[in-house]
Amino acid sequence: MMDTKQSEREKLLDEKHVEIVPHGARRSKRPSSHRNAFLGFAVLATAVLYFTSGPCRHHPHHGPNDEAAQWQSEGWFPSPRGGTVKSWEESYRKAAEMVGKMTLTEKVNVTTGTGWSQGLCVGNTAPAVHVGFPSLCLQDGPLGLRFVDHATAWPAALTVGATFNRELAFRRGAGHGEEARKKGVHVLLGPSMGPLGRMPGGGRNWEGFGTDPYLQGVQAAQTIQGIQSSGVIATAKHFILNEQEHFRQILEWEESPEHAISSNVDDRTMHELYLWPFADSIRAGVASVMCSYNQVNNTYACGNSKTMNGLLKDELGFQGFVQSDWYALRDGVSSILGGLDVVMPGNIVHDDAGYSLFGANLTAAVMNSTIPLERLDDMALRVVAAWYQLSQDDKSKFPEEKPNFSSWTDEKEDFIYRGAGEGERGVVNQYVDVQSDHWKTARQIAVEGTVLVKNSGILPLRRGAFKGKNIGIYGEDAGSEDQEGFPNFCKDRGCNKGSLGSGWGSGAVEYAVFHSPLTELKRSFNSSADDIPNFTAITDNDQTSHIARSASSQDLCFAFINSDAGEGYITDPLIGVAGDRNDLYAQRGGDSVVKTVARNCENTIVVVHAVGPVILEKWIDIPGVKAVVLAHLPGQESGKALAEIIFGDANPSGKLPYTIGKSLKDYGPGAQIMYHPNAEVPQQTFKEGFEVDYRYFDKHDITPRYPFGHGLSYTSFTISSPKLVEHMSKATFPSPRPDMIAPPTIQSTLPPVSEVLFPRNFKKILHYIYPYLSSVSEIFSQHPVSYPKDYFTTRPLSPAGGGEGGNPSLWDVIASLSVAVKNTGDASGAEVAQLYIGFPEVEGVEFPVRVLRGFEKVHLGKGEETKVTFEVRRRDLSYWDVNAQNWRMPTDGRFTLWVGNSSRDRQVEVEF
């Protein structure tokens, strides 16, 4: 029997025989061979989404390709409505009252970006003037405020991950959010928990917190809570499986195919690895999620109804709004029906100024019932509810003035709408200093995110012990005194020059100040006028013969090296890297610098700044290498933080948020970047499943150079005296999905056509994206609508859902494990106790050898001991059952719990 909804829609379409032709499509500047990839209101996605290697279905754009045929997404409809959890109820009540008073074009305004540089921020929505809803400012990014003056250049998230310190993650988020609010930013485009780091050379791995989903989830949730405590909407990104930069976008590479790469993953891997940190983020109350550029099982992520409707909004109970990554939208109708709520920056590609698949197209699609009016209502409700949820209606926090900075110029005055290049001018930069004392938190993160992996007793150095001694500092990464306060050599930090403080791309920031290692080391050695050593500094990596002669006459040497990467739209000509790294070695001849120094100087300290793991095998065993310090990406406080570690003002406590192998091959076949497309639609199948980073090393018994979680201290610790307490009996499945509250309803009706036309004598801003139509004829055309596959099939609700982050009983504490951590050394310091869990044997089910399921950082004085308790939740003890479509806990056999200071260190072990 035909579904009622299907019957009504088909009748409507038979009567009108209409489809939306993109408003202004004739203005497109794209070659005709590429236009069908964009004009999605005419070309609708028809792929069916499977997370398992299910029945072969042919993608309409693929051509013959077995891989593409095997990996397809299923459709998941209808898009769940927001306002179904208690903690958002009041915000949705207020939002329903406001949205109920909006005109149709105002609803379109709040869901459509105004266009690239058509406003002061990197993303801007238009206001709903009649109801008092403002234009929203959306600004990069996860490391700090991009394109903004007088703001903090924070350590990268990878450095935060290396701290294994929840409190610091929260404080960084709170400071970051406070700066954003004081600059007039409503939506901060971070933090990032995707990519997870499947490939150690991935260009944007440094924007996330590490290669383990538990670590990523905890630190992302803390960051989100910090940002949103300041009243700014945080954005969890990039949803999902955007694990490499090559071919993430069409037309971004010389050999780019017409379609972005498809990341193909099975259902269980999706849940246990890549979706895991997003669940933590949604449970933390994140108010926005950004969908990614790539395809997921051969459907674009920003048009993928299975991931947005099924996983995000139903199973994980997401209450905020889904926004596209910039220019990630590939179609209109199927993306909106598939769960996309906001398009950014509005226009679909950079050279199609003023053309949008939302805007007027969305207005027309709703007016002719291609898009249900209730779907538009939900889109607007989600945006407005997020605004209320963060109390952005509070004028004391968000006054009605525009943002006090411009993303497009450093000049005080300019065009208000820079993208138009004409019209209204005014003050766009007020140069408001929002840094406060945030340098303190930034420096503490840089200190605690520094990992000491080797120390033959040379560290810490003692001030005053080098009077008359010769000290050599080598390598460009040491920076220079000229770099002090001005490290912004290239746009968006898109070149590896000087000392590395961050990666490049939209996640990078301008530095108001930068403390270079060279300057700060010199300053730290000079404890008094009588203790000044003799310094030599050579910061040109090509001067190897000069370095060799110099190093041979030094009593102590520093060798600085680095490895850089970033977002795919930038290629660094200095190192020949296009987004993703070419390999895992040091760049710009760094390994040669270390070998030259260490073979000529018997006391060499190597400092590495990098976006991820660096292979150290070319020099790690040279006798002259006495210490190796991995300082990650420390941001503006780089040199000062390093000096604190080197001289023992701070005891190193950082731990590796990834594994350091002895070769790239050690990480497995799945860790290899695809540098050349393998099909018209490049297919990247995650055949390794959950065997990523330390899980792969463990499964295949590969000895790493340094394991995940490893990090040395200037003192020593022991972990002992385990005590396990069981709080709940094991049960196979979580409690039944609880009922959620009813979402608010709005009594909306389609307005007269006259209300959606441009007002008489309306003065347009050039290239600005409006919701209005120029004529009634734009509502109707002569082509039949093709809805997404499975659109008329209503999917059942997930038993794993029922609350923000999933079924609330997943967070039930099943057991707790307490251990004693003792400082047995001669100095105060901090240790990270890490809990790993091994699953019992289950017939027909593979498990990782061990998985991280807890960590606690404790600061202890000399001889001090404390108790650390880990709470083990149902979620921690469960795996995803693809048949039951739910989390399943093994109830037969025994779990093994280990606690140590790395993934390979197991000082205590218990079973239950």
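Quick caveat: nothing in here was measured; it's all calculated off a predicted structure.

Novice: Can you explain the overall build of the protein? Please cite residues and give values.
Specialist: Summing up its helical and strand segments, the protein has 20 helices and 29 strands in all. In terms of overall dimensions, the protein is globule-like: its C-alpha atoms have a radius of gyration of 28 Å, near the 29 Å expected for 912 residues. Projected onto the principal axes, the alpha-carbon positions of the protein cover approximately 90 × 70 × 55 Å. Every one of the 912 residues in the protein was classed for burial, and the buried ones make up 66%. In the protein, once contacts between residues fewer than 6 apart in sequence are set aside, the share between residues at least 24 apart is 78%. Element-wise, carbon and sulfur atoms account for 46% of the exposed surface of the protein, whose accessible area totals about 31,000 Å². For the protein, the distance from the average site of its 88 positive side-chain charges to the average site of its 107 negative ones is 2 Å.

Novice: Give a detailed account of the state of the cysteines, specifying residues and quantitative values.
Specialist: A complete count under the given rule lists four disulfides for this structure. A sulfur-sulfur distance of 2.0 Å marks the disulfide that ties Cys291 to Cys302. On the S-S bond that ties Cys291 to Cys302, the torsion sits near 105 degrees, and the link is right-handed. Of the two residues, Cys291 sits in strand E6 (residues 288-291) while Cys302 sits in the loop between strand E8 (299-300) and helix H11 (305-315), which places them eleven residues apart along the sequence.

Novice: An account of the pairing of strand E28 (residues 896-900) is requested, with residue identities and associated values reported.
Specialist: Extensive coverage of E28 is indicated by the burial of five of its five residues. Neither face of E28 is left uncovered, since the one carrying Thr896, Trp898 and Gly900 and the one carrying Leu897 and Val899 both have all their residues buried. Relative to E28, strand E23 (residues 829-838) runs antiparallel, the two being bridged by five bridges. Following the sheet pairing, Leu835 is matched in E28 by Val899. As paired strands, E28 and strand E29 (residues 908-911) are joined by four bridges and run antiparallel to one another. Residue Leu897 lies in a different strand from E29, and its bridge partner there is Val910.

Novice: Which residues make up the sheet that holds E29, and what values go with them?
Specialist: Think of a sheet as strands paired side by side through backbone hydrogen bonds, with each pair either parallel or antiparallel. Within the open sheet, the four strands sit side by side as E24-E23-E28-E29. Their pairing is antiparallel. Only two strands of the sheet have a single neighbouring strand rather than two, namely strand E24 (851-860) and E29. Direction aside, neighbouring strands of the sheet carry axes that sit 15 degrees apart on average. For E23 and E24, the ladder comprises nine bridges, and the chain directions are antiparallel.

Novice: Before we move on, can you summarise the sheet that holds strand E21 (residues 717-726) with the specific residues and values?
Specialist: The antiparallel open sheet is built from three strands, whose spatial order is E21-E22-E25. The sheet is open, and its two borders are formed by E21 and strand E25 (865-873), each paired with just one other strand. Direction aside, neighbouring strands of the sheet carry axes that sit 20 degrees apart on average.

Novice: Can you break down the nonpolar core residue by residue, with the values?
Specialist: Judged by nonpolar contacts, the single largest core of 122 residues is most densely connected at Phe133, Ile240, Met270, Tyr274, Trp326 and Leu362. Core analysis: the second largest hydrophobic core is formed by 44 residues, Trp276, Ala800, Met889 and Val908 among them.

Novice: Describe the packing of aromatic side chains, and please don't skip the residues or the numbers.
Specialist: Here the structure, examined in full by the defined rule, presents 37 aromatic pairs. Centre to centre, the rings of Trp116 and Tyr327 are 6.3 Å apart; their planes meet at 50 degrees, and the pair counts as tilted. Here Tyr327 lies in the loop between strand E9 (321-324) and helix H12 (333-337) and Trp116 lies in the loop between helix H5 (104-111) and strand E1 (123-124), a separation of 211 residues in the sequence. Aromatic side chains Phe164 and Phe855 sit 5.2 Å apart centroid to centroid with 80 degrees between the ring planes, which places their arrangement in the edge-to-face category.

Novice: An account of the confidence of the model for the protein is needed here, citing residue identities and associated values.
Specialist: Chain-level statistics for the protein give a pLDDT mean of 90 and a share of 90% at 70 or above. In this model, residues 1-64 is a region of pLDDT below 50 whose contacts with residues beyond four sequence positions or in other chains number 183 contacts.

Novice: Outline the packing of helix H17 (residues 544-551) against helix H18 (residues 590-600), supporting the account with residue identities and numerical values.
Specialist: At their nearest, the axes of H17 and H18 sit 8 Å apart, and the two run at 25 degrees to each other. If you check the angle between H17 and H18, you find them roughly parallel. The crossing of H17 and H18 is right-handed. Across the interface between the two elements, Thr544, Ile547, Ala548 and Ala551 of H17 pack against Thr596, Val597 and Asn600 of H18. Its residues assigned to classes, the contact of H17 with H18 comprises four nonpolar, three polar and no charged.

Cut-offs and rules
- Residues numbered from 1 in each chain as written.
- Predicted model: local features only at pLDDT ≥ 70, side-chain atom pairs only at ≥ 80, totals over all residues.
- Heavy atoms only, no water.
- Helix = DSSP H or I, 4+ residues; strand = E, 2+ residues; numbered from the N terminus.
- Rg over C-alpha atoms; globule rule 2.2 N^0.38 Å.
- Buried < 20%, exposed > 50% of the residue type's maximum accessible area, 1.4 Å probe, protein only.
- Contact = heavy atoms within 4.5 Å.
- Areas by Shrake-Rupley, 256 points an atom, 1.4 Å probe, with all protein chains shown as cover.
- Lys, Arg positive; Asp, Glu negative; His and termini not counted.
- Charge placed at Lys NZ, Arg CZ, Asp CG, Glu CD.
- Disulfide = S-S within 2.5 Å.
- Pairing = 2+ DSSP bridges.
- Axes fitted to C-alpha atoms, helices over the stretch in contact; angles between N-to-C directions.
- Core = buried A, V, L, I, M, F, W, Y, C linked by side-chain atoms within 4.5 Å.
- Phe/Tyr/Trp six-rings, centres within 6.5 Å; stacked < 30°, edge-to-face > 60°.
- pLDDT = per-residue confidence, 0-100.
- Parallel < 35°, antiparallel > 145°, perpendicular 65-115°, else oblique.
- Left-handed = near helix turned anticlockwise from the far one by under 90°.
- Nonpolar A, V, L, I, M, F, W, Y, C, P; charged D, E, K, R; others polar.

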